[in-house]
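# Coordinate analysis (summary)
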Amino acid sequence: MIDASFTEQLIRALGEGSVAAFQLRLKGIDDHAIAALAPPLQRACADVEVAFIINDSIGLCKRLGADGVHLGQDDGDPREAREILGKEAQIGVTCHDSRHLAMEAGEAGADYVAFGAFYPTTTKETASPHPDPAILTWWQTLFGAPCVAIGGITPENARPLVEAGADFLAVSSAIWTGDPAERVRAFAEVMRHPFTGR
């Protein structure tokens, strides 16, 4: 649960300077409870100019004045989110293993698309097959918006996804089950030096 200790860990992780965004994702509690927990985390992000993204809820994003929202396939249309949140909001969409869903999200004005889960994960249920990393290369070849790889990613298995074209890696348990700052450094190293020369 989010408490002062978690906020301190987040500040340490963000202090590494390699984090583009923090997504507040709290399943099983309502928006009012999330809104009460959010302010110290939002301040921590603002202090280092890291985007503060709300998971799933356009309304909560608007209420908190967050930097953006990440939408699952059942969480609303990017066009609706843009109308409600304004042109400056960052809007991302989970597209699983589907090129069709990704193209639809891009046409609807999403700022980024997310593919995955690439690896087994306990963070969320995944009904879709694990996509081939080639979907990242396909997206990069044809479209300008960034793509994000999600699902079970660790510093040890991230390299093929970065080599395939992932602009960003969305990670959760790989950060919070260890020392957050140390884990951020490990991910940053993979992002800086993705190619193995194979």
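On a predicted model such as this, the values are computed, not experimentally measured, just so you know. Residue numbers restart at each chain and count upward from 1, following the sequence in its written direction. Per-residue local features are limited, in this predicted model, to residues with pLDDT of at least 70; the limit for side-chain atom pairs, both in listing and counting, is 80 or more; totals at the level of whole chains, interfaces and linings are taken over all residues. Side-chain numbers come from the whole structure's heavy atoms, not from hydrogens or water.

Hydrogen bonds between backbone groups are what pair the strands of a sheet, and the pairing can be parallel or antiparallel. Two strands qualify as a pair provided that DSSP identifies no fewer than 2 bridges between them. For the purposes of this entry, the term helix denotes a DSSP run of H or I that reaches at least four residues, the term strand denotes a run of E that reaches at least two, and both are numbered from the N terminus. Taking strand neighbours across the sheet as the criterion, the seven strands line up as β1-β2-β3-β4-β5-β6-β7 in an open arrangement whose pairing is parallel. Of all strands in the sheet, those bounded by a partner on one side alone are β1 (21-24) and β7 (168-170). Neighbour to neighbour, the strand axes of the sheet diverge by 25° on average, direction disregarded. In the sheet, strand β2 (residues 51-55) pairs with strand β3 (residues 68-71) via three bridges, with the strands oriented parallel. Bridge pairing in β3 places Ile 54 opposite Val 69. Contacts are residue-level and defined by heavy atoms, with any inter-residue pair within 4.5 Å sufficient. To obtain an axis, a line is fitted to C-alpha atoms, over the contacting stretch when the element is a helix, and the angle between two such axes runs from 0 to 180 degrees between their N-to-C directions. Most of the contacts of helix α6 (residues 134-142) go to strand β5 (residues 112-115), to which it runs at about 165°, and overall it touches β5 and β6 (147-150).

This part is about unusual backbone geometry. In this model, Gly 116 is joined to Ala 117 through a cis peptide bond whose omega is 20°. With respect to the helices and strands, the residue Ala 117 is situated in the loop between β5 and α6. For Glu 49, which is not glycine, the phi dihedral falls at a positive 55°. Relative to the helices and strands, Glu 49 resides in the loop between α2 (31-47) and β2. In this structure, His 96 is a non-glycine residue whose phi angle is positive, near 55°. A simple rule labels every residue: compare its accessible area, found with a 1.4 Å probe on the protein chains alone, to the largest value its type can have, and call it buried under 20%, exposed over 50%, or partly exposed in between. Exposure remark for His 96: the relative accessible area of 26% places this residue in the partly exposed category.

In this section: the environment of Ala 110. Here Ala 110 shows up in the loop between α5 (99-107) and β5. Taking the C-alpha atoms as reference, Ala 110 lies 24 Å from Ile 34; in sequence the two are 76 residues apart. Once you skip the residues sitting within four places of it in the chain, Ala 110 turns out to touch Pro 78, Ile 91, Val 93, Ala 105 and Ala 145.

We now examine the pattern of salt bridges. A pairing counts as a salt bridge when a side-chain nitrogen of Lys or Arg comes within 4 Å of a carboxyl oxygen of Asp or Glu. With the rule as written, the count across this model stands at seven salt bridges. A salt bridge links Asp 56 to Lys 27; the shortest N-O distance between them is 2.5 Å. Highlighted residues: Asp 56 in the loop between β2 and α3 (58-64) and Lys 27 in the loop between β1 and α2, separated in sequence by 29 residues. Glu 156 is the salt-bridge partner of Arg 183, the closest N and O atoms lying 3.9 Å from each other. One end of the pair, Arg 183, is in helix α9 (residues 180-192); the other, Glu 156, is in the loop between β6 and α7 (159-164), and 27 residues separate them in sequence.

With that settled, the discussion passes to the nonpolar core. Grouped together as the largest cluster of nonpolar side chains are 28 residues, with contacts concentrated most on Phe 115, Phe 118, Leu 136, Ala 149, Ile 153, Leu 161 and Leu 169. Within the residue set of this core, elements represented by two or more residues are α5, β5, α6, β6, α7, α8 (173-176) and α9. Top contributing element to this core by residue count: α6, with four residues. Those residues in contact with Ile 153, other than ones at most four positions away along the chain, are Tyr 119, Ala 158, Leu 161, Leu 169, Ala 170, Val 171, Ala 174 and Phe 187. Residues grouped as a nonpolar core are buried Ala, Val, Leu, Ile, Met, Phe, Trp, Tyr and Cys residues, joined through side-chain atoms within 4.5 Å.

Turning our eyes to something else, we now look at the pairing of β1. Side chains Phe 22 and Leu 24 project from β1 onto a buried face, and the interleaved Ala 21 and Gln 23 project onto a face without burial. As paired strands, β1 and β2 are joined by four bridges and run parallel to one another. Bridging across to β2, Phe 22 finds its partner in Phe 52. With its strands directed away from the observer, a crossover is right-handed exactly when the path from the first strand over the helix to the second travels clockwise. Traced from β1 through α2 to β2, the parallel crossover comes out right-handed.

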